[in-house]
Amino acid sequence: MSVELLGLYYAAFNRGDSAGMLDLLTDDVVHEPSQGAVREGKVAFAQFLDHMNHCYSEEVIAPVFLTSADGAHGAAEFMLNGTYLRRDGDLPPATGQKYRLRVGAFFAFREGKIARVSNHYNLADWLAQIG
């Protein structure tokens, strides 16, 4: 079930289907981004997705999913192809720069849903790519 859940999550991501992603989360989901403050709850996660969709266009490529024997935890590793669409806060200006990053993500599952999403990538690599 956990591997299938991750597959559904990233398929929704690649479709740009924020509602589909949110349907797979617990109401009290915890989001731990690679940079920045931890977010709690679906509302905060939805706001994050809206912001990301405004600033970036991204696609997950060739994800590999792993789950713990008890099904309570999972991980994903993938390449992320993206385009930087609009300036994000105090980051460098966006001019449609393309980038490709290796990403690791860790998950906790509860009652058939994702209860925690923790994303990790190399910010210095991203900054170098967008120049």
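For the structure itself, consult the block above.
Everything in this summary refers to the structure shown in the same document.

Calculation rules
- Residues numbered from 1 in each chain as written.
- Predicted model: local features only at pLDDT ≥ 70, side-chain atom pairs only at ≥ 80, totals over all residues.
- Heavy atoms only, no water.
- Salt bridge = Lys/Arg side-chain N within 4 Å of Asp/Glu carboxyl O.
- Helix = DSSP H or I, 4+ residues; strand = E, 2+ residues; numbered from the N terminus.
- Buried < 20%, exposed > 50% of the residue type's maximum accessible area, 1.4 Å probe, protein only.
- Polar contact = N/O pair within 3.5 Å; in protein donor to acceptor, adjacent residues only side chain to side chain.
- Contact = heavy atoms within 4.5 Å.
- 1 Å grid on protein atoms, 1.4 Å probe; cavity = no way out; pocket = protein on both sides within 12 Å on 5 of 7 lines; lining within 4 Å.
- Points joined across faces, edges and corners; volume = space filled by probe spheres on them.
- Nonpolar A, V, L, I, M, F, W, Y, C, P; charged D, E, K, R; others polar.
- Pairing = 2+ DSSP bridges.

1. Concerning the pattern of salt bridges
Alright, step 1. Applying the stated criterion to the full structure yields 5 salt bridges.
Alright, step 2. Among the salt bridges present, the one from D27 reaches K42, with a minimum N-O distance of 3.7 Å. Taken as a pair, D27 in strand β1 (residues 25–32) and K42 in helix α3 (residues 42–55) lie far apart in primary sequence, 15 residues in all.
Alright, step 3. The class for D27 is exposed, based on a relative accessible area of 63%.
Alright, step 4. Overall, the relative accessible area of 22% leaves K42 in the partly exposed class.
Alright, step 5. As a salt-bridge pair, E77 and R102 come within 3.8 Å of each other at their nearest N and O atoms.

2. Structural notes on the side chain of T26
Alright, step 1. Summarising the element assignment, T26 is placed in strand β1.
Alright, step 2. Engagement of the side chain of T26 in a polar contact is seen with the side chain of D28, the distance being 2.9 Å.
Alright, step 3. Among residues more than four places away in sequence, those in contact with T26 are K42, R110, K113, I114 and A115.

3. Focus: unusual backbone geometry
Across the chain, the bulk of peptide bonds are trans and the bulk of non-glycine residues have phi less than zero.
Alright, step 1. Backbone geometry at A62 places phi at a positive 50°, although glycine is not the residue there.
Alright, step 2. With respect to the helices and strands, the residue A62 is situated in strand β3 (residues 56–67).
Alright, step 3. Positive phi, normally seen in glycine, also occurs at E111, with a value near 55°.
Alright, step 4. Here E111 is to be found in the loop between β5 (98–110) and β6 (113–120).

4. As for the layout of surface pockets
Alright, step 1. Space inside the largest pocket adds up to approximately 860 Å³.
Alright, step 2. Surrounding the largest pocket, 38 residues form its lining, F48, M52, Y56, E58 and Y121 being those nearest its centre.
Alright, step 3. At the level of elements, α1 (2–15), α2 (18–23), α3, β3, β4 (73–84), β5, β6 and α4 (123–130) are the ones that each hand at least two residues to the lining of the largest pocket.
Alright, step 4. Here the lining of the largest pocket gets 6 residues from one element, more than from any other, and that element is α3.
Alright, step 5. By residue class, the composition of the lining of the largest pocket is 21 nonpolar, 11 polar and 6 charged.

5. A closer look at the pairing of β4
Alright, step 1. Across the 12 residues that make up β4, a large majority, 9, are buried.
Alright, step 2. The hairpin formed by β3 and β4 contains 5 residues between the paired strands, and G71 there has a positive phi angle of roughly 75°.
Alright, step 3. As defined by bridge partners, β4 adjoins β5 across 11 bridges and the pair is classed as antiparallel. For A75, the partnering residue across the bridge sits in β5 and is F106.

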